[in-house]
Every structure is written in C-alpha cells, then in structure tokens.
Amino acid sequence: MRNALIEIQTNGAGLYEFTRDVVPLAKGDGLLTLFVQHTSCSLLIQENADPEVQTDLRNFFHRLVPPTTDPSMSYLTHTYEGPDDMPAHIKAAMMPVSLSIPVVNGRLGLGTWQGIYLFEHRTAPHQRRVLAHLS
C-alpha cells in the first residue's frame, strides 16, 4: 500500500475515532501520513480511553470559537454558509490537517491510550475523506 482513501461519515460536530481504519494500512516500516481533504475539520491523535476527553475538547473549542450567532463573533463576514461554517474554518486553521505516524514492524507507533481522530467542526453530517500515504 502506498496510498489509500479513508471515508468517514460524521453526524455533526465532534471527534470520530478511525484508528481501526488505519491499522490495516501499516505494512513493514515507514512513515504513514494522513491528510484530510477538507477545510472545516481537523485530524488529531488523542486519548481514546475516556470519552470525557473528546467531550471536553469539543466543548473547549466551541467556547473558544463559538458560532457566528454569538455576539462575540459579529466581526466575521463569511456567514452565508451557516453560523458554524467560518468558526469551523478557524478551528481547522488552529489544528492539524495532517498527521505523521511511524510504522515499525507493521504496527502503528501509537502509545497505549492514543487513537486517531477526525475532529468535525460543522454541525451537519458530512462525508469526509482522509488520504493515507505510507513511505
């Protein structure tokens, strides 16, 4: 495998773990690069043991960058795609859209509690694409 496309269906804002979709791509030794092909979501390596971590991250970023209906966001001009769109672009600009993960002896070099997540910043469901490349 050199390249693969992973599709992730989201149901609104939140973190979606897709580690299990990446594990079969780990072959031999190398560096696995993941790149999300969208501008309103991000990729994260984060704790996968306690779901409260994902809840707290989602709540933190919602508080940090609220929808354009919040008075504190009245300066934004890109609002015609909905009150969550420009805040989603801001969040994606603050977080990674690509990840590099070592592959050693056919295994992802993740730590015990680490999982790979797509962080959806939009409130509506979306079909997201993540390009994987092993080098």
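An account of the accompanying structure is given in this report. Computed from a predicted model, the values in this text were never measured in an experiment.

### Things to note about helix α3 (residues 85-94)
Working step 1: Of all the positions in α3, only D85, P87, A88, K91 and A92 are classed as buried. Burial along α3 is one-sided: seen end-on, the buried residues are contained in an arc of 160°.
Working step 2: On its buried side, α3 packs onto β4 (41-47) and α2 (51-64).

### What to know about the nonpolar core
Working step 1: Core analysis: the largest hydrophobic core is formed by 22 residues, its most contacted members being F18, L34, L118 and V130.
Working step 2: Elements with a contribution of two residues or more to this core: β1 (3-9), β3 (30-36), β4, β5 (98-104), β7 (114-120) and β8 (127-134).
Working step 3: L57, M95, Y117 and F119 belong to the second largest nonpolar core, which has 8 residues in total.

### Brief notes about the pairing of β7
Working step 1: Burial runs high along β7: 6 of the 7 residues are buried.
Working step 2: Across 4 bridges, the pairing between strand β2 (residues 14-17) and β7 is antiparallel. Bridging across to β7, E17 finds its partner in Y117.
Working step 3: The pairing of β4 with β7 spans 7 bridges and is classified as antiparallel. By the bridge assignment, L44 is partnered in β7 with Y117.

### Digging into the side chain of T68
Working step 1: By secondary structure assignment, the location of T68 is in the loop between α2 and α3.
Working step 2: Once residues lying within four places of it in the same chain are set aside, the contact partners of T68 are M73, L76, T79, G82, P83 and P87.

Analysis parameters
- Residues numbered from 1 in each chain as written.
- Predicted model: local features only at pLDDT ≥ 70, side-chain atom pairs only at ≥ 80, totals over all residues.
- Heavy atoms only, no water.
- Buried < 20%, exposed > 50% of the residue type's maximum accessible area, 1.4 Å probe, protein only.
- Helix = DSSP H or I, 4+ residues; strand = E, 2+ residues; numbered from the N terminus.
- Arc of directions from axis to C-beta.
- Contact = heavy atoms within 4.5 Å.
- Core = buried A, V, L, I, M, F, W, Y, C linked by side-chain atoms within 4.5 Å.
- Pairing = 2+ DSSP bridges.

Purely geometric numbers; function is a separate question.
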